[in-house]
Amino acid sequence: MEVLRNFDIVNYGEPFRLPYENDNGSIVYTEIFPKTPYLAEKEVLLWYRIETKGVIHKNISWIEAITNFRVFQYNFENHLANYIILTSLDDVAVTNRYRVSQGQNYGVFTGQRYRSMGGGFYTSTGNSRSTSVGDVVFMYNGKPLIKFNQVSDPSGVTKLAQSARKHLLSLQKIVMKEQKKNDVIQVDKINSNVCPECKFNNPTSSKYCNQCGSKLS
């Protein structure tokens, strides 16, 4: 809370309005604040990695994370953020891959799931004695924008981000289709010939009501 009090609203308080699918299947909107490390309403943490300082009293100094809306890095010491909204991603690539013995912590899949159209998010890392480690690079406008260095199961992290991006894109397409449909309805109403008898909306070219047959002015 002390950190929030000291936030510069201009730099940190610019929200993004994004669609989210409710449990009942309806699509609603939520506002996220991508320049902060705090989750907004309806935002789900899918994968994260933190760095801490201190021995007895540990404080988080750095976080990297993927949510159902964004990929972000945040420095708690200088309050600087690097982020990208999932729908703006061009691609996700893995570089510098190698294998290490299992048990070393290079990132955590939270295992959280929520209603997803036609499928869930990738959360499995396997049970082998060794695991693959690599850098996960998030591309924007054909260039690297964010890089997670030495991530365990980089292919899993990549699939997770791609799945979340695909889901968010599908929601946006549904919203745009519905908005276009509503716009057409509004245009039809504006350009219609309302029957004075039955109040039916007729095309402007109609001379008689298509429902009751009354003459239109």
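Residues numbered from 1 in each chain as written. Predicted model: local features only at pLDDT ≥ 70, side-chain atom pairs only at ≥ 80, totals over all residues. Heavy atoms only, no water.

1. Some remarks on the pattern of salt bridges
Applying the stated rule across the entire model yields 3 salt bridges. The residue R49 makes a salt bridge to E64 at a minimum N-O spacing of 2.5 Å. Here E64 lies in strand β4 (residues 59-67) and R49 lies in strand β3 (residues 45-53), a separation of 15 residues in the sequence. Exposure remark for R49: the relative accessible area of 17% places this residue in the buried category. The buried category is assigned to E64, whose relative accessible area is 5%. Residues K53 and E77 are paired through a salt bridge, measuring 2.8 Å at the closest nitrogen-oxygen approach. Here E77 lies in the loop between β5 (70-75) and β6 (80-85) and K53 lies in strand β3, a separation of 24 residues in the sequence. Under the relative-accessibility criterion, K53 is labelled partly exposed at 47%. (Salt bridge = Lys/Arg side-chain N within 4 Å of Asp/Glu carboxyl O. Helix = DSSP H or I, 4+ residues; strand = E, 2+ residues; numbered from the N terminus. Buried < 20%, exposed > 50% of the residue type's maximum accessible area, 1.4 Å probe, protein only.)

2. A word on the packing of aromatic side chains
By convention here, two paired aromatic rings are described through the distance between centres and the angle between planes. Using the criterion set out here, one finds 4 aromatic pairs in the structure. On the basis of an interplanar angle of 75° and a centroid distance of 5.1 Å, the ring pair of Y74 and F76 is categorised as edge-to-face. Overall, F76 belongs to the partly exposed group, its relative accessible area being 24%. Taken together, W47, F138 and F148 form an aromatic cluster joined through their ring pairs. Here R17 stacks its cationic end above the ring of Y29, 3.8 Å away from the centre of that ring. Sitting above the plane of the F72 ring, R70 keeps its charged end 4.2 Å from the centroid. (Phe/Tyr/Trp six-rings, centres within 6.5 Å; stacked < 30°, edge-to-face > 60°. Lys NZ or Arg CZ within 6 Å of the ring centre and 35° of its normal.)

3. Observations regarding the confidence of the model for the protein
Of the residues in the protein, 77% reach a pLDDT of 70 or more, and the chain-wide mean stands at 79. No element of the protein has a lower mean pLDDT than helix α1 (residues 2-5), at 48, and none a higher one than β5, at 94. Within the model, the stretch residues 114-127 combines pLDDT values under 50 with 38 contacts to residues more than four positions away or in other chains. (pLDDT = per-residue confidence, 0-100. Contact = heavy atoms within 4.5 Å.)

4. A word on the nonpolar core
Formed by 26 residues in total, the largest nonpolar core has its most connected members in W47, I66, V71, V136, F138, F148 and V157. Here this core gets 5 residues from one element, more than from any other, and that element is helix α3 (residues 154-190). When near neighbours in sequence (up to four residues on either side) are disregarded, V157 contacts W47, I66, F109, V136, V151 and S152. In terms of nonpolar packing, the next biggest core, distinct from the first, is built from 5 residues, I63, A65, F72 and Y74 among them. (Core = buried A, V, L, I, M, F, W, Y, C linked by side-chain atoms within 4.5 Å.)

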